[in-house]
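Listed below are the residues making up each chain.
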Amino acid sequence: MKLIEQLKERFIEIHGGNPVDIAVYHAPGRVNLIGEHIDYNGGYVFPAALTIGTALLVRRRSDDKLHMASMGFSLTVQKSLFDLSYQAEDDWSNFPKGVISILHAEQALLSGFDMLFYGNIPNGAGLSSSASIEVVTAFAILDQEGREINRTNIARLAQRAENEYIGVKCGIMDQFAIAQGKKDHAVLLRCNDLHYEQVPFESGSYQLVIGNTNKRRELAHSAYNERRSQCEAAVQILRTVVPGLENLKWLADLNEAQFSEIAGELKDEVMQRRARHVVEENARVLRSVDLLRQGNLVEFGKMMVLSHESLRELYEVSCRELDVMVEAALQIPGVLGARMTGAGFGGCTVALVHEDQVDEFIHVVGDTYLRETGLTGEFYVSKIGDGVRRVE
Ligand code: GLA
């Protein structure tokens, strides 16, 4: 039986009724190809939507209730639209609740909904499973309500839910890639004004292989917030001490030449390294996109490697597990580049691997990784999929 039919059957077991009035939506996860820790610094990122993601089956109710269930968690949650405050014990359902509470506060929803979520993004792996749930919820509810669908606004709304309701101070990259992704394209996004372009990802005989370190991302939230504050503090200092930069808004507004002239003004050596990563990584994104457009995958791969080194040495958000996996990947013939992807401190790597070497890659990198870390890595040969959409 097709997955959608199985999900509909389960929906009816939980919520009753019949299949005809169930709508089905899907939002992907994302992988960032290059441009890490840049979004909240106002620069360029280059993520792509995956084909794995979150399906949401939804049906309007005649009262104000939300009945939420998931295929992956036994907890089901029933709430009124008028009582959607964050509750730790509501666990996974806080993600859709956050989105719906903001929507309801802003534009009074007409009724509640029965909902069933199904996700196949590994949780906590840094492939944006939570952003995927938030974006699919926003898209589905707006569509069901007959409201205007503006994908950029959906990304903003999902980011707000994450920032204000869940309390994670993430940037806009994940939600944006999930809302605006396109099959076989990566999204070049300028984060200071959300100008974007969908760039064909023509990788010929090379495949994107995602490697999950299965390393729990301990301390990731506090370290993430610390990096953000260091960048904001660097902007503050440069505004105060460098004539002409009084109006500097974002670190990524500085180009490499400008930065090398003024870097010494950041006396705190750690802060200086953080800022250098941002300025150089931002430039690398634009270089990478040019290289991709020229079909120069070899040089594109080198940019991925430089990005990883910078995240490891300057921004210090890598970890031993990510480094071991990237190092092992780069030893395999036919690998053009590899790097950590996402926030870091665990999560996933992404590598550009010749199609003839993919099996060898998974086998050898997996073995080395297990031997050196004691952890079993998982690998996904990933296709670039579409952004959020209604499936039926
Ligand atoms: C997480 C955040 C994003 C971005 C990346 C790092 O995925 O959610 O906004 O900052 O980390 O590039």
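Please refer to the structure placed before this passage.
About the cut-offs
Residues numbered from 1 in each chain as written. Predicted model: local features only at pLDDT ≥ 70, side-chain atom pairs only at ≥ 80, totals over all residues. Heavy atoms only, no water. Salt bridge = Lys/Arg side-chain N within 4 Å of Asp/Glu carboxyl O. Helix = DSSP H or I, 4+ residues; strand = E, 2+ residues; numbered from the N terminus. Buried < 20%, exposed > 50% of the residue type's maximum accessible area, 1.4 Å probe, protein only. Pairing = 2+ DSSP bridges. Axes fitted to C-alpha atoms, helices over the stretch in contact; angles between N-to-C directions. Contact = heavy atoms within 4.5 Å. Near = heavy atom within 4 Å. Polar contact = N/O pair within 3.5 Å; in protein donor to acceptor, adjacent residues only side chain to side chain. Areas by Shrake-Rupley, 256 points an atom, 1.4 Å probe, with all protein chains shown as cover. Nonpolar A, V, L, I, M, F, W, Y, C, P; charged D, E, K, R; others polar.

Student: So what exactly am I meant to see when it comes to the pattern of salt bridges here?
Tutor: Should their charged atoms come close, side chains of opposite charge can pair. Taken as a whole, this structure holds 28 salt bridges when the rule is applied. A salt bridge links Arg-59 to Asp-114; its shortest N-O distance comes to 3.2 Å. You can see Arg-59 sitting in strand S2 (residues 44-60) and its partner Asp-114 sitting in strand S5 (residues 113-119), a full 55 residues away along the chain. Judged by its relative accessible area of 4%, Asp-114 falls in the buried class. A single salt-bridge network, built from bridges that share partners, covers Arg-59, Arg-61, Asp-63 and Asp-114.

Student: Please explain the sheet that holds strand S11 (residues 378-382) as it appears in this structure.
Tutor: Sheet strands pair by backbone hydrogen bonding; their relative direction is either parallel or antiparallel. In spatial order, the strands read S9-S10-S8-S11; together these 4 strands make up an open sheet with antiparallel pairing. Only two strands of the sheet have a single partner each, and these edge strands are strand S9 (335-341) and S11. Across this sheet, the average inter-strand angle for adjacent strands is 20 degrees, counted without regard to direction. Where strand S8 (residues 206-212) meets strand S10 (residues 348-354), 7 bridges bridge the pair, whose relative direction is antiparallel. Along S10, the bridge assignment pairs Tyr-206 with His-354. Against the sheet, helix H10 (residues 320-330) engages S8, S9, S10 and S11, with an angle of about 170 degrees to S9.

Student: What exactly am I supposed to notice about the site of the ligand here?
Tutor: Lining the immediate surroundings of the ligand are Arg-30, Glu-36, His-37, Asp-39, Tyr-40, Cys-170, Gly-171, Met-173, Asp-174, Tyr-224, Gly-342 and Ala-343. Take His-37: an N or O atom from its main chain is 2.7 Å from an oxygen atom of the ligand. One of the side-chain N or O atoms of Asp-174 is found 2.6 Å from an oxygen atom in the ligand. Taken by itself the ligand offers 300 Å² of open surface, and the protein chains cover 92% of this. Of the residues belonging to the shell around the ligand, the class tally is 5 nonpolar, 3 polar and 4 charged.

Student: Can you help me understand unusual backbone geometry in this one?
Tutor: With glycine set apart, most residues show a phi of negative sign, and most peptide bonds adopt trans. Despite not being glycine, Asp-91 has its phi angle at roughly 50 degrees, a positive value. You can call Asp-91 partly exposed: its relative accessible area is 43%. The backbone of Ser-128 shows a phi angle near 65 degrees, a positive value even though the residue is not glycine. Its place among the elements puts Ser-128 in the loop between S5 and helix H3 (129-144). When its relative accessible area of 9% is taken as the criterion, Ser-128 is described as buried.

Nothing here speaks to function; it is geometry throughout.
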